[in-house]
Amino acid sequence: MIYATNSKRLKLPADAQHPLLALSMQRKLRYLYDGEFFKYREGTDEYTYPSRHPGNNAYLVEIYDQKEKHGFDKFNAIQYDPSKQPKVLGQNGEYYASFELGQYLELQGNPASYVNEDFTITVIGNSDFPRPLFSVFGDEDFISVEPGSPTNRFSFNTISGSISENSNNRINQLFSGVDPSQNNKRVITMKSDGAGRGQNLSENISTDFTTIAIGKSKTRLFTGSFIEVTLHLGDLSEVGSDKLWEEAKLAY
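Residues numbered from 1 in each chain as written. Predicted model: local features only at pLDDT ≥ 70, side-chain atom pairs only at ≥ 80, totals over all residues. Heavy atoms only, no water.

**Quick word on the overall build of the chain**
Here is step 1: Within the chain, the regular secondary structure consists of two helices and 20 strands.
Here is step 2: Principal-axis analysis of the C-alpha atoms gives the chain an extent of 55 × 40 × 40 Å.
Here is step 3: Split into buried and exposed, the 252 residues of the chain put 53% on the buried side.
Here is step 4: In the structure as shown, the chain presents an accessible area of about 11000 Å², 44% of it carried by carbon and sulfur atoms.
Here is step 5: Where the 26 positive side-chain charges of the chain centre and where its 32 negative ones centre are 4 Å apart. (Helix = DSSP H or I, 4+ residues; strand = E, 2+ residues; numbered from the N terminus. Buried < 20%, exposed > 50% of the residue type's maximum accessible area, 1.4 Å probe, protein only. Areas by Shrake-Rupley, 256 points an atom, 1.4 Å probe, with all protein chains shown as cover. Lys, Arg positive; Asp, Glu negative; His and termini not counted. Charge placed at Lys NZ, Arg CZ, Asp CG, Glu CD.)

**Considering the pattern of salt bridges**
Here is step 1: Under the definition given, this model contains 14 salt bridges.
Here is step 2: Lys39 is the partner of Glu46 in a salt bridge, and the nearest nitrogen-oxygen pair spans 3.8 Å. (Salt bridge = Lys/Arg side-chain N within 4 Å of Asp/Glu carboxyl O.)

**Observations concerning the side chain of Glu228**
Here is step 1: As for its position among the elements, Glu228 is in strand S20 (residues 224-233).
Here is step 2: Look at Glu228 and you get buried, because its relative accessible area is 3%.
Here is step 3: Looking at Glu228, its side chain comes within polar contact range of the side chain of Ser24, at 3.1 Å.
Here is step 4: Side-chain polar atoms of Glu228 contact the side chain of Tyr252, separated by 2.6 Å. (Polar contact = N/O pair within 3.5 Å; in protein donor to acceptor, adjacent residues only side chain to side chain.)

**Here's the deal with the packing of aromatic side chains**
Here is step 1: Under the criterion given, the structure shown has 10 aromatic pairs.
Here is step 2: Taken together, a centroid distance of 6.0 Å and an interplanar angle of 55 degrees make the contact between Phe38 and Tyr40 tilted.
Here is step 3: The exposure class of Tyr40 is buried, given its relative accessible area of 0%.
Here is step 4: Look at Phe38 and Tyr49: their rings are 5.2 Å apart centre to centre, the planes differ by 25 degrees, and that puts the pair in the stacked class. With Phe38 in strand S2 (residues 38-42) and Tyr49 in strand S3 (residues 45-49), this pair connects stretches of sequence that are 11 residues apart.
Here is step 5: One aromatic cluster in this structure is built from Phe37, Phe38, Tyr40, Tyr47, Tyr49 and Tyr95.
Here is step 6: The aromatic ring of Tyr47 is capped on one face by Arg52, whose charged end is 3.8 Å from the ring centroid.
Here is step 7: The ring of Phe72 carries Lys69 above its face, with NZ or CZ at 4.6 Å from the centroid. (Phe/Tyr/Trp six-rings, centres within 6.5 Å; stacked < 30°, edge-to-face > 60°. Lys NZ or Arg CZ within 6 Å of the ring centre and 35° of its normal.)

**Quick word on the nonpolar core**
Here is step 1: Counting 46 residues, the largest nonpolar core has Phe38, Ile63, Ile214, Phe226 and Leu231 as the members making the most contacts within it.
Here is step 2: If you tally residues by element for this core, the top one is S20, at four residues.
Here is step 3: Those residues in contact with Ile63 that lie beyond four places of it in its chain are Leu23, Ser24, Met25, Phe37, Phe38, Asn76, Ala77, Leu105, Ile214 and Phe226.
Here is step 4: Judged by nonpolar contacts, the second largest core, of seven residues, contains Ile171, Ala248, Ala251 and Tyr252. (Core = buried A, V, L, I, M, F, W, Y, C linked by side-chain atoms within 4.5 Å. Contact = heavy atoms within 4.5 Å.)

**Overview of the side chain of Thr223**
Here is step 1: With respect to the helices and strands, Thr223 occurs in the loop between strand S19 (220-221) and S20.
Here is step 2: Within the local environment of Thr223, its side chain forms a polar contact with the backbone oxygen of Phe99, the two atoms lying 3.1 Å apart.
Here is step 3: If sequence neighbours within four positions are ignored, Thr223 has contacts with Phe99, Glu100, Leu101, Asn126, Ser127, Asp128 and Arg131.

**Some thoughts on unusual backbone geometry**
Here is step 1: With an omega of 20 degrees, the peptide bond running from Tyr49 to Pro50 counts as cis.
Here is step 2: Inspection of the secondary structure assignment puts Pro50 in the loop between S3 and strand S4 (58-63).
Here is step 3: Residue Ser149 is joined to Pro150 through a cis peptide bond whose omega torsion reads 10 degrees.
Here is step 4: Within the secondary structure, Pro150 sits in the loop between strand S11 (142-146) and strand S12 (151-156).
Here is step 5: Phi at Asn157 is positive, roughly 55 degrees, even though this residue is not glycine.
Here is step 6: Here Asn157 is to be found in the loop between S12 and strand S13 (159-164).
Here is step 7: One non-glycine residue with positive phi stands out, namely Lys218, at about 55 degrees.
Here is step 8: Structurally, Lys218 is set in the loop between strand S18 (216-217) and S19.
Here is step 9: The partly exposed category is assigned to Lys218, whose relative accessible area is 28%.

Next up, the structure:
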């Protein structure tokens, strides 16, 4: 596992620019963060990491938002229903959530209301088939990042695309905003480590969102692993998004 002191060339994701949310199972996302990473359940008892390391039968209850942003609540990801809690796997600090279909966490505090057409989602996780690992959605509008094999997929309302499988499908980033290299046109771009980038010009950018979830998008469900996600808004430029991308490759 790589901490802030190992990533000397680039800032941690929540230090490079204040995100809307910053959740990780494995590491600090902000240099000065001194809290817990996640809460888990063993039987009916609950504990937090890194204060206590999970055992062999641990289930994820909550992931703590590590950001520090004036005027914004902490948007923790929570699942209170034991039947919908993913298992916590890993060892020696390299923990991850292992989801089966029907297991998910939702972000508390209504962060979806802040998400507009300009955003950067950087997520670490994978699946055996393109499935919605991380999603922002409402009754009609939605954003989803779907790592898997043989392709990684992404969607923003009617806009969708995919990237071929590569050596490290875990590291994915979805950017929506103005691209200077495209004559300052609005684009949506997905990058997946070791592969090219899929890009579409944005058209339908309605953002009537109500929910942010890890492990589902509306009625579509996810199976696979989750490690980390950050969501930045339009105050992070495409150059800044690229730097977050490079930092994620250093860490993972």
